[in-house]
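Examining the three-dimensional arrangement
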Amino acid sequence: MKHLVEALRRNRSLDDDGLRTLLESDDTALADALHSSAREVTDEVFGRQVWLRALIEWSNVCRNDCLYCGIRRSNHALVRYTLSRDEILACCDAAWNQGIRTFVLQGGENPLAAAELLVGIVGAIRVCWPHAAITLSLGELPAETYARLRQAGADRYLLRHEAADPQLYTRLHPAGMDWQNRIDCLHTLRRLGFQTGMGMMVGAPFQTTRHLIQDIRLIETFRPEMIGLGPFVPQHDTPLGSYPAGRAETTLRLYSILRLMLPHALIPSTTALSSLLHGNRLAGIRAGANVIMPDFTPARERAAYALYDGKNAAWMETTGNLSRLRQELAEAGYSINPSRGDYAESVFLLS
Ligand code: 5AD
């Protein structure tokens with residue numbers, strides 16, 4: 001069966017049956033071969049290096065009502081917050097002082113706040129830190145707002161497509177949310193010159209291997225610069241809160257498959273994966289991920305950014321304290337690259 005891994009690596013693609021085997025097989029030797037092949041390719045392109053992104057969860061106010069998500073509008077158990085401009089700048093300052101050169105502003109979908117507050121805040125960050133990359137993750141916004149954010153200095157945008165299959169998308173989202181609009185947003189972002197990220201939850205309720213293969217095909221076709229994948233983890237105040245979590249092992253196999261398809265992609269080892277693995281950030285890196293996103297949200301607000309249960313476990317890095325992560329990486333033979341880590345093909349991304 002290892003020929004499947006070799007074929008995927010050589011052709012940067014594989015047929016549906018092969019993908020199904022790689023995702024479902026009980027053969028641990030096959031899974032090991034998949035992960036080590038993906039890691040070799042990652043080493044060839046990037047070396048044994050990891051890029052850090054400072055995650056700033058700037059607001060949990062959200063107009064949407066996604067059935068899986070803890071910050072959905074209908075969750076009244078949550079205290080809502082929005083960080084001020086000064087608080088956001090303080091997070092950036094802390095991250096910069098830790099040597100992190102990408103700030104990720106993530107928040108609930110709030111078009112008014114995005115247009116009226118964030119455009120100005122992005123501009124301020126751009127002026128204060130001209131050499132930092134600014135990534136946004138703010139959901140679906142009007143093309144005009146995306147354009148203003150880009151103009152203000154944002155470089156990258158993460159918008160998970162959530163499900164390549166429109167029917168699955170509909171089952172995971174409330175009436176009124178439209179799969180086509182999601183896809184259109186991704187194309188708009190790319191057209192505006194954002195490095196664009198997409199992705200999905202692994203093991204979401206109702207999701208089958210067939211759906212995951214559709215997700216892989218969508219990613220393979222779109223060729224995003226970044227790929228965000230984490231397991232579904234139930235959140236108890238949501239309609240899907242009693243479904244089981246997705247599997248870490250399947251998530252790791254997807255990192256490897258997508259690494260072999262898109263060798264230059266920036267793939268984070270996500271927080272949701274680590275929380276299933278009790279804080280293990282390295283498993284994802286060993287499977288071909290090359291980005292880690294430490295949380296720089298102030299401790300007071302972090303608890304309220306409750307996308308899923310267990311997200312704020314004790315293992316999470318705290319602002320100003322990355323030493324354990326640095327040590328873990330060093331012990332495993334990885335170094336942290338100090339550059340912004342922009343997407344580039346054929347370039348070895350040294351600073
Ligand atoms: N489990 C895992 N990931 C989740 N997200 C939202 N809710 C959950 C959950 N229960 C992810 C979604 C979304 C991002 C903000 O967080 O994929 O895109």
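Quick look at the structure, then. What you are looking at is a predicted structure, and each value in this text was computed from that prediction instead of being measured.

**Digging into the site of the ligand**
As a structural note, the neighbourhood of the ligand is formed by Tyr68, Cys69, Arg160, Glu162, Met201, Pro231, Phe232, Val233, Leu307 and Tyr308. Between the ligand and arginine 160 there is a distance of 2.8 Å, counted from an oxygen atom to a side-chain nitrogen or oxygen. Within the backbone of valine 233, an N or O atom sits 2.7 Å from a nitrogen atom of the ligand. In isolation the ligand has 400 Å² of accessible area, and contact with the protein removes 87% of it. Taken together, the residues of the shell around the ligand sort by class into eight nonpolar, no polar and two charged.

**Some thoughts on the packing of aromatic side chains**
Two measures describe an aromatic ring pair: the distance that separates the ring centres and the angle between the ring planes. Here the structure, examined in full by the defined rule, presents five aromatic pairs. Arranged with centres 5.5 Å apart and planes meeting at 80°, the rings of phenylalanine 103 and tryptophan 129 form a pair that is edge-to-face. Of this pair, phenylalanine 103 sits in strand S3 (residues 102-107) while tryptophan 129 sits in the loop between helix H5 (111-128) and strand S4 (133-137), placing them 26 residues apart in sequence. Taken individually, phenylalanine 103 and tryptophan 129 each receive the classification buried, so the pair is uniform in this respect. With centroids separated by 5.4 Å and ring planes inclined at 70°, the aromatic side chains of phenylalanine 206 and tyrosine 243 adopt a geometry described as edge-to-face. Note that phenylalanine 206 is positioned in the loop between strand S7 (201-202) and helix H9 (209-222) and tyrosine 243 in the loop between strand S9 (230-231) and helix H10 (248-261), a separation of 37 residues in sequence. The class of phenylalanine 206 is partly exposed, set by a relative accessible area of 27%. Following the ring pairs from residue to residue traces out a cluster consisting of Tyr146, Tyr157 and Phe194. Arginine 48 extends its terminal NZ or CZ atom over the ring of tyrosine 334, reaching a point 4.3 Å from the ring centre. In this structure, arginine 171 is placed above the aromatic ring of phenylalanine 206, and the distance from its NZ or CZ to the ring centre is 3.8 Å.

**Points about the sheet that holds strand S1 (residues 49-52)**
Hydrogen bonds along the backbone pair up the strands of a sheet, which may run parallel or antiparallel. Taken together, three strands build an open sheet; the order of strands is S10-S1-S11 and the sheet is parallel. The open sheet has two free edges, formed respectively by strand S10 (291-292) and strand S11 (335-336), since each of these has just one partner strand. Looking at chain direction, S1 and S11 are connected through two bridges and run parallel. Each bridged residue has a counterpart across the sheet, and for glutamine 49 the counterpart in S11 is serine 335.

**Some words on the pattern of salt bridges**
Here the structure, examined in full by the defined rule, presents 23 salt bridges. Here aspartate 16 ties to arginine 217 by a salt bridge, and the two come within 2.8 Å at their closest N and O atoms. Taken together, the positions of aspartate 16 in helix H2 (residues 16-24) and arginine 217 in helix H9 put the pair 201 residues apart, joining distant regions of the chain. Judged by its relative accessible area of 41%, aspartate 16 is partly exposed. What makes arginine 217 partly exposed here is its relative accessible area of 24%. A salt bridge links glutamate 109 to arginine 63; the nearest nitrogen and oxygen atoms lie 2.8 Å apart. Here glutamate 109 is found in the loop between S3 and H5, whereas its partner arginine 63 is found in the loop between strand S2 (54-59) and helix H4 (85-97), with 46 residues between them in sequence. Connected through shared salt-bridge partners, Arg126, Asp155, Arg156, Arg340 and Asp342 make up one network.

Parameters and conventions
- Residues numbered from 1 in each chain as written.
- Predicted model: local features only at pLDDT ≥ 70, side-chain atom pairs only at ≥ 80, totals over all residues.
- Heavy atoms only, no water.
- Near = heavy atom within 4 Å.
- Polar contact = N/O pair within 3.5 Å; in protein donor to acceptor, adjacent residues only side chain to side chain.
- Areas by Shrake-Rupley, 256 points an atom, 1.4 Å probe, with all protein chains shown as cover.
- Nonpolar A, V, L, I, M, F, W, Y, C, P; charged D, E, K, R; others polar.
- Phe/Tyr/Trp six-rings, centres within 6.5 Å; stacked < 30°, edge-to-face > 60°.
- Helix = DSSP H or I, 4+ residues; strand = E, 2+ residues; numbered from the N terminus.
- Buried < 20%, exposed > 50% of the residue type's maximum accessible area, 1.4 Å probe, protein only.
- Lys NZ or Arg CZ within 6 Å of the ring centre and 35° of its normal.
- Pairing = 2+ DSSP bridges.
- Salt bridge = Lys/Arg side-chain N within 4 Å of Asp/Glu carboxyl O.

Don't take any of this as a statement about function, it's just geometry.
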